[in-house]
Amino acid sequence: MEDNLMNNNFEGEVYHPAQAIIDEAHIKDYEYLYKMSIDNPEKFWSERAEEFYWSKKWDKVLDDSNPPFYQWFTNAKTNIVYNCIDRHLKTWRRNKLALIWEGEGGDVKTYSYFSLNREVIKFANVLKSMGVQKGDIVTIYMPRIPELIFAMLACAKIGAAHSVVYGGFSVDALAGRIEDAESKVLITADGGWLRGSIVPLKGIVDEAIARQGTIEHVVVVKRTGQEVHMAPGRDYYYHDLCELPVMNQNCETEMVDSEDMLFILYTSGTTGKPKGIVHTHGGYMVYTATTLKYVFDLKDEDRYWCAADPGWITGHSYIVYGPLLNGATSFMYEGAPNFPYPNRWWKMIEKYGISILYTAPTAIRGLMRFGNAWANRHDLSSLRLLGSVGEPINPEAWKWYFNVIGRGKCPIMDTWWQTETGGFMITPIPITPLKPGSATKPFFGIDVDVVDNDGKPVPAGEEGNLVIKKPWPAMLRTIYKDPERYVSQYWSTFKNMYQAGDSARKDKDGYIWVIGRLDDVIKVSGYRLGTAEIESALVSHNAVAEAAVIGLPHEVRGNTIHAYVLLRAGIDGNDALAEDLKKHVGHEIGPIAKPEKITFVDVLPKTRSGKIMRRLLKARALGLPEGDKSTLEE
Ligand code: WTA
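Residues numbered from 1 in each chain as written. Predicted model: local features only at pLDDT ≥ 70, side-chain atom pairs only at ≥ 80, totals over all residues. Heavy atoms only, no water.

## Focus: the overall build of the protein chain
So, point 1. Assigned secondary structure in the protein chain consists of 19 helices and 31 strands.
So, point 2. Principal-axis analysis of the C-alpha atoms gives the protein chain an extent of 70 × 65 × 60 Å.
So, point 3. Looking at the protein chain alone, contacts between residues at least 24 apart form 71% of all its contacts between residues at least 6 apart.
So, point 4. Only carbon and sulfur atoms are counted for the fraction: they give 50% of the accessible area of the protein chain, which is about 24200 Å².
So, point 5. Measuring between centres, the 72 positive side-chain charges of the protein chain sit 2 Å from its 80 negative side-chain charges. (Helix = DSSP H or I, 4+ residues; strand = E, 2+ residues; numbered from the N terminus. Contact = heavy atoms within 4.5 Å. Areas by Shrake-Rupley, 256 points an atom, 1.4 Å probe, with all protein chains shown as cover. Lys, Arg positive; Asp, Glu negative; His and termini not counted. Charge placed at Lys NZ, Arg CZ, Asp CG, Glu CD.)

## Some details on the site of the ligand
So, point 1. Neighbouring residues of the ligand: 18 residues in total, closest Asp-414, Thr-415, Thr-419, Lys-523 and Arg-528.
So, point 2. A distance of 3.0 Å is found between an oxygen atom of the ligand and a side-chain nitrogen or oxygen belonging to Trp-312.
So, point 3. In isolation the ligand exposes 520 Å². Once the protein is present, 98% of that is buried.
So, point 4. Counting residues per element, the ones that place at least two in the shell around the ligand are helix 11 (313–325), strand 22 (412–415) and strand 26 (512–517).
So, point 5. By residue class, the composition of the shell around the ligand is seven nonpolar, five polar and six charged. (Near = heavy atom within 4 Å. Polar contact = N/O pair within 3.5 Å; in protein donor to acceptor, adjacent residues only side chain to side chain. Nonpolar A, V, L, I, M, F, W, Y, C, P; charged D, E, K, R; others polar.)

## Description of the sheet that holds strand 19 (residues 329–333)
So, point 1. Taken in spatial order, the seven strands make up an open sheet running 7-6-19-18-20-21-22, and their pairing is mixed. Each edge of the open sheet is held by one strand with a lone partner, namely strand 7 (108–112) and strand 22. The mean angle between the axes of side-by-side strands here comes to 20 degrees, regardless of whether they run parallel or antiparallel.
So, point 2. In terms of strand pairing, strand 18 (residues 303–306) meets strand 20 (residues 356–359) through three bridges, oriented parallel. If you follow Trp-305 over to strand 20, its bridge partner there is Leu-357.
So, point 3. The strands touched by helix 11 within the sheet are strand 6 (97–102), strand 18, strand 19, strand 20 and strand 21 (385–389), with strand 18 carrying the most contacts at an inclination of about 160 degrees. (Pairing = 2+ DSSP bridges. Axes fitted to C-alpha atoms, helices over the stretch in contact; angles between N-to-C directions.)

## What about the pattern of salt bridges?
So, point 1. Going through the model one piece at a time under the given rule, you end up with 48 salt bridges.
So, point 2. A salt bridge links Arg-48 to Glu-51; the shortest N-O distance between them is 3.7 Å.
So, point 3. Between Glu-579 and Lys-582 there is a salt bridge, with its nearest N and O atoms 3.4 Å apart. Separated by three residues within a single helix, Glu-579 and Lys-582 lie in helix 18 (residues 575–588), roughly one turn from each other.
So, point 4. On the basis of relative accessible area, Glu-579 is assigned to the partly exposed category, the value being 46%. (Salt bridge = Lys/Arg side-chain N within 4 Å of Asp/Glu carboxyl O. Buried < 20%, exposed > 50% of the residue type's maximum accessible area, 1.4 Å probe, protein only.)

## Some remarks on the sheet that holds strand 14 (residues 235–237)
So, point 1. Spatial strand order, 14-13-10-8-9-16-17: seven strands in an open sheet with mixed pairing. Single-partner strands in this sheet number two, and they are strand 14 and strand 17 (275–280). Going across the sheet, the axis of each strand differs from the next one's by a mean of 25 degrees, ignoring polarity.
So, point 2. Where strand 9 (residues 161–164) and strand 16 (residues 261–267) come together, two bridges link them in parallel fashion. The partner of His-162 across the bridge, within strand 16, is Phe-263.

## Notes on the side chain of Lys-157
So, point 1. Along the chain, Lys-157 falls in helix 6 (residues 146–157).
So, point 2. For the buried residue Lys-157, which engages in no salt bridge, the nearest side chain bearing the opposite charge is Asp-86, 4.1 Å off.
So, point 3. Setting aside its immediate chain neighbours within four residues, Lys-157 contacts Asn-79, Val-81, Asp-86, Asn-117, Val-120, Ile-121, Ala-124, Cys-251, Glu-252, Thr-253 and Glu-254.

## A few points about the side chain of Gln-489
So, point 1. Within the secondary structure layout, Gln-489 lies in helix 16 (residues 483–490).
So, point 2. Take Gln-489: its relative accessible area is 18%, and that puts it in the buried class.
So, point 3. Not counting chain neighbours up to four residues away, the residues in contact with Gln-489 comprise Thr-270, Lys-275 and Gln-499.

## Section: the packing of helix 4 (residues 80–89) against helix 5 (residues 113–129)
So, point 1. Helix 5 packs onto helix 4 with a crossing angle of 125 degrees between their chain directions and a minimal axis gap of 9 Å. It follows from the interaxial angle that helix 4 and helix 5 lie oblique. The chirality of how helix 4 crosses helix 5 is left-handed. Within the contact between the two elements, helix 4 uses Cys-84, Ile-85, His-88 and Leu-89 and helix 5 uses Tyr-113, Phe-114, Leu-116, Asn-117 and Val-120.
So, point 2. Across the contact of helix 4 with helix 5, the residue classes break down as seven nonpolar, two polar and no charged. (Parallel < 35°, antiparallel > 145°, perpendicular 65-115°, else oblique. Left-handed = near helix turned anticlockwise from the far one by under 90°.)

Quick look at the structure:
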């Protein structure tokens with residue numbers, strides 16, 4: 001491997017962006033603008049908000065009269081979809097490509113802003129015909145196909161909210177989310193392609209609906225053409241509905257309040273029940289658009305590819321809303337990165353001239369395994385910026401990404417953020433000197449710190465709790481139907497500070513190094529899973545009495561799930577049962593949640609108050625000191 005780390009842009013472990021990158025960047029002075037944005041966030045954000053269409057302007061930029069229930073752009077009226085689509089139709093961008101999509105089998109579809117609008121109108125009319133109204137929550141459970149994006153935008157266009165459930169989740173996860181959102185309408189597909197096989201989404205939908213009682217109608221998009229069960233009077237094929245001329249009539253974009261709900265997205269926390277994170281139209285719009293524009297330096301000439309799944313917050317903010325708000329051309333791919341060969345991604349970068357690639361460390365490590373030749377055979381010279389998200393990127397993967405994919409000339413934007421934050425929080429911009437493994441510095445208007453358990457800043461180099469000290473426009477507004485949990489989870493540990501749940505260090509240059517989760521959340525291939533969810537899936541198997549789950553480091557996936565299982569009396573553990581339990585978890589939550597290893601035990605370490613000491617299980621598995629055991633039950 002040619003070692004570009006030795007080139008003159010690198011000093012020790014610091015990479016200095018080339019002058020050409022600085023010359024073309026939107027922002028050329030970080031320190032000055034950062035200071036201004038922190039001294040007067042309302043001025044900074046109102047100037048950004050001015051770039052969008054509002055049918056009525058705000059009374060206040062930030063209403064902080066009832067913390068932590070902050071509101072942004074109060075009493076303003078807009079609709080994020082108006083700014084994603086309608087606004088562009090009045091300009092030359094009407095004919096610009098909004099989306100280039102490639103299916104796993106190689107089929108290609110493209111949509112201009114004009115045709116995107118037509119598709120979203122059709123979908124919006126279909127939803128209206130099913131009685132979907134402002135304030136309803138529509139559940140979307142789809143493969144990575146353009147209709148997923150149309151469906152999300154259609155909900156928002158008519159003032160309804162969407163709840164996208166990642167297509168990799170399974171029966172129990174889907175049923176729980178539908179029930180919490182009380183969705184009457186569900187949008188799905190007859191399947192999607194992954195590694196040459198069909199993911200049977202519709203079968204999972206049928207099972208999930210049988211477990212809960214709110215769904216009245218299911219819209220099924222035809223993707224694979226395979227036969228699926230269609231319940232008469234409940235299930236409708238999308239293409240059949242679109243045949244009706246009325247579905248093609250115009251549908252105006254509804255103006256909504258800045259603080260009206262745009263979507264909920266469920267994410268794992270410390271307790272078993274996933275949290276419905278609530279985001280709203282106005283603040284989220286201004287924040288996702290601004291962060292994407294400044295961090296990835298988005299320009300009209302770019303072909304931007306965020307390789308995440310739209311069912312994850314990264315997809316919501318940086319496949320769907322952020323790029324469209326900026327009038328960008330995005331690329332989306334349906335299938336697996338190494339299908340049929342490990343050069344699939346590199347081949348598509350070459351074919352479409354992708355200039356910005358945003359992905360996760362787990363994908364980078366997964367492709368790195370196949371060696372350099374697969375990437376070296378392709379012309380990747382169109383790339384100018386790279387990005388990473390989801391977990392800390394290890395320096396080895398960073399350097400491979402930088403040297404082999406970026407050919408030593410593309411800065412890597414390592415973006416730290418969360419479902420709750422809506423957009424990038426700690427991240428470089430293209431002019432930032434980079435240190436491999438650090439997400440570098442806070443974005444404009446973001447006041448971060450690392451504090452001890454009493455909320456006091458820790459000295460440089462020491463580990464502590466990552467906190468955010470000022471509200472920001474795309475912050476979560478609450479947990480759906482559970483405002484108390486919102487307060488206790490995020491705002492109660494430290495006074496007036498948002499607790500991220502991550503541990504971090506700040507170095508002497510003010511660079512932030514995120515270490516990982518402090519709670520019972522495990523990141524597997526960048527996906528967030530709660531130990532409690534997996535444990536409850538295990539216990540729902542009739543052989544299991546009790547279970548404890550921990551995450552252990554894994555070379556490619558970051559972490560994998562290890563389960564300790566106590567069987568019911570009279571049942572013996574063996575390999576066949578372990579396999580069966582893995583399958584059961586896969587069926588209930590999804591393949592990503594499947595334990596890597598199951599160990600049958602006679603007893604689980606517990607505190608005297610009955611809490612499982614996962615920390616102890618982890619220390620033992622890793623051969624580390626077991627720490628304080630004073631609370632351990634005899
Ligand atoms: C982790 C994903 C280090 C972190 C957008 C956070 C990261 C959790 C990074 C949120 C990064 C995300 N460096 N850690 N660049 N990005 N994380 O809600 O632990 O799926 O709290 O949002 O991912 O995960 P979520």
